[in-house]
Amino acid sequence: MQPSHNPNSGLPQSGIGQVTGATRRFVQLRLPSGTTFSAKSSTKALDATVGDFAEYSLKGQEYFIERLHARFNSLKRTYFGQQKVLAANADLLLAVTAVGLLNTAFLDRILVAAAVEHIPACIVLNKIDQDTGGTAIQMLAAYSKPDIRILPISALTAEGIETIHELLKTPKYSTIVLAGLSGVGKSTLLNRLIPGSDAKTGDLSIKSRQGRQTTTHASAYNYARQPEPPALVIDLPGLSNFGLSHLTAQQVRDAFPEFLLYQVQCQFSNCFHLNEPECAVKRSVQEGRIAPSRYASYTEIIEEINAAKPY
Ligand SMILES: Nc1nc2c(ncn2[C@@H]2O[C@H](COP(=O)(O)OP(=O)(O)OP(=O)(O)O)[C@@H](O)[C@H]2O)c(=O)[nH]1
Ligand SMILES: [Mg+2]
Ligand SMILES: [Zn+2]
């Protein structure tokens with residue numbers, strides 16, 4: 001009989017772990033307790049992504065990944081024509097944006113990627129210490145219609161941080177993903193939420209105001225919440241584009257919840273709200289019931305999908 005624990009590390013000899021990092025040959029696995037260790041992939045084709053659940057077992061002195069579990073969901077984007085999984089099995093997505101870097105088209109893309117996979121999402125508006133006059137908050141008013149929660153915070157001054165703590169302490173959210181443009185302050189926020197996590201942060205370059213990319217690969221952190229097991233918080237590298245041409249037009253249309261309210265009044269039941277006559281969604285945009293920025297994001301994504309179609 002084999003002992004059920006590895007005498008060297010005290011870890012179970014086999015079980016299920018969650019991937020917190022992966023290279024071609026090694027995968028970092030995390031147990032529900034938060035302990036991480038390294039395992040080898042037994043096949044070259046193992047396509048492990050942060051958030052994946054994997055079965056592992058000890059063979060000799062080393063841990064090996066036996067197989068990956070099917071994903072409950074995966075946050076995907078198209079990158080140079082290829083569909084890429086950014087993170088798997090997210091229970092909550094925090095779409096992070098910031099005063100000075102507020103780009104609703106980009107935000108809408110992240111929200112679409114989450115909605116298509118049924119991942120609950122909130123918008124975190126960081127750097128509100130710089131929002132003189134509340135302009136950024138006003139720009140986000142468009143999101144009250146699709147009923148997306150907006151959390152205005154400052155990772156720098158800690159204003160509003162309590163609401164993020166509350167979310168992270170919610171037991172049903174065990175895997176939480178932070179995604180957003182480079183420089184919005186994801187890593188600064190993480191350091192604030194998890195003191196000692198030592199997430200690398202970068203300075204905004206004065207020249208471009210773009211913020212050079214500081215986080216270059218996904219990093220994962222434990223968020224302690226006794227007596228519950230720790231939450232896994234994933235800091236994605238700053239993205240500068242979020243291609244969605246792997247989606248269908250229908251998926252994208254259905255990912256704009258405020259369209260669904262009016263869609264029933266469109267002349268065509270399968271209306272895509274583009275050039276169709278008697279379209280209640282377009283009328284709602286003109287009459288101010290749907291935010292023009294949201295509709296513009298929609299048509300832009302649809303155009304991208306059409307442009308990527310093979311002829
Ligand atoms: N004024 C202000 N600056 C902030 C705040 N949060 C972060 N910053 C600054 O914004 C810059 C970028 O922060 P990071 O945390 O590195 O941003 P990031 O989103 O992790 O960037 P990438 O790793 O490139 O994706 C740093 O200079 C931070 O000090 C904030 O709440 N207010
Ligand atoms: Mg970062
Ligand atoms: Zn329509």
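From a predicted model like this one, the values you see are computed outputs, not experimental measurements.

Conventions adopted
Residues numbered from 1 in each chain as written. Chains lettered and ligands numbered in written order. Predicted model: local features only at pLDDT ≥ 70, side-chain atom pairs only at ≥ 80, totals over all residues. Core = buried A, V, L, I, M, F, W, Y, C linked by C-beta atoms within 7 Å. Buried ≥ 20, exposed ≤ 12 C-beta atoms within 10 Å, placed from the backbone. Helix = DSSP H or I, 4+ residues; strand = E, 2+ residues; numbered from the N terminus. Contact = placed C-beta atoms within 7 Å. Domains from an automatic or database assignment. Pairing = 2+ DSSP bridges. Axes fitted to C-alpha atoms, helices over the stretch in contact; angles between N-to-C directions.

1. Considering the nonpolar core
Working step 1: Counting residues in hydrophobic clusters, the biggest one holds 84 residues, and the most contacted among them are Ala87, Leu93, Leu94, Ala95, Val177, Val233 and Ile234.
Working step 2: Counting residues per element, this core draws most heavily on helix H1 (residues 104-116), which supplies eight residues.
Working step 3: Discounting chain neighbours no more than four positions away, the residues touching alanine 95 are Leu107, Ile110, Leu111, Ala121, Ile123, Val124, Ala179 and Gly180.

2. A look at the domain arrangement of the protein
Working step 1: On domain assignment, one finds that the protein holds domain 1 (14-68), domain 2 (74-235) and domain 3 (249-308).
Working step 2: Centre-to-centre separation of domain 1 and domain 3, based on C-alpha positions: 42 Å.

3. Comments concerning helix H4 (residues 186-193)
Working step 1: In terms of burial, H4 is largely enclosed, as seven of its eight residues are buried.
Working step 2: Turning to H4, its buried residues are Lys186, Ser187, Thr188, Leu189, Leu190, Arg192 and Leu193.
Working step 3: Taken together, the buried residues of H4 touch strand S8 (92-98), strand S9 (121-126), helix H3 (161-169), strand S11 (175-180), strand S12 (219-225) and strand S13 (228-235).

4. Section: the pairing of strand S6 (residues 74-79)
Working step 1: One ladder, built from six bridges, connects S6 with strand S7 (residues 82-88); its direction is antiparallel. Across the sheet, the residue bridging to threonine 78 is glutamine 83, located in S7.

5. Quick word on the sheet that holds strand S3 (residues 36-41)
Working step 1: On the basis of which strands lie adjacent, the closed barrel formed by five strands has the order S1-S2-S3-S5-S4 and mixed pairing. Averaged over all neighbouring strand pairs, the angle between strand axes comes to 55°, with direction disregarded.
Working step 2: Two elements, strand S1 (residues 14-22) and strand S4 (residues 53-59), share five bridges in a ladder whose sense is antiparallel. For isoleucine 16, the partnering residue across the bridge sits in S4 and is glutamate 55.

6. A closer look at the sheet that holds S13
Backbone-to-backbone hydrogen bonds pair the strands of a sheet. The strands run either parallel or antiparallel.
Working step 1: If you walk across this open sheet you meet the six strands as S10-S9-S8-S11-S13-S12, and the pairing is mixed. Every interior strand has two partners, whereas the edge strands, strand S10 (150-152) and S12, have only one. Strand-to-strand twist across the sheet, computed as the mean angle between neighbouring axes with direction ignored, equals 25°.
Working step 2: Of the pairings in the sheet, the one linking S9 to S10 comprises three bridges and is parallel in character. Within S10, the position partnered with leucine 125 by the bridge is proline 152.
Working step 3: Its contacts with the sheet put H1 on S8, S9 and S11, and the angle it makes with S8 is roughly 180°.
Working step 4: Most of the contacts of H4 go to S13, to which it runs at about 160°, and overall it touches S8, S9, S11, S12 and S13.

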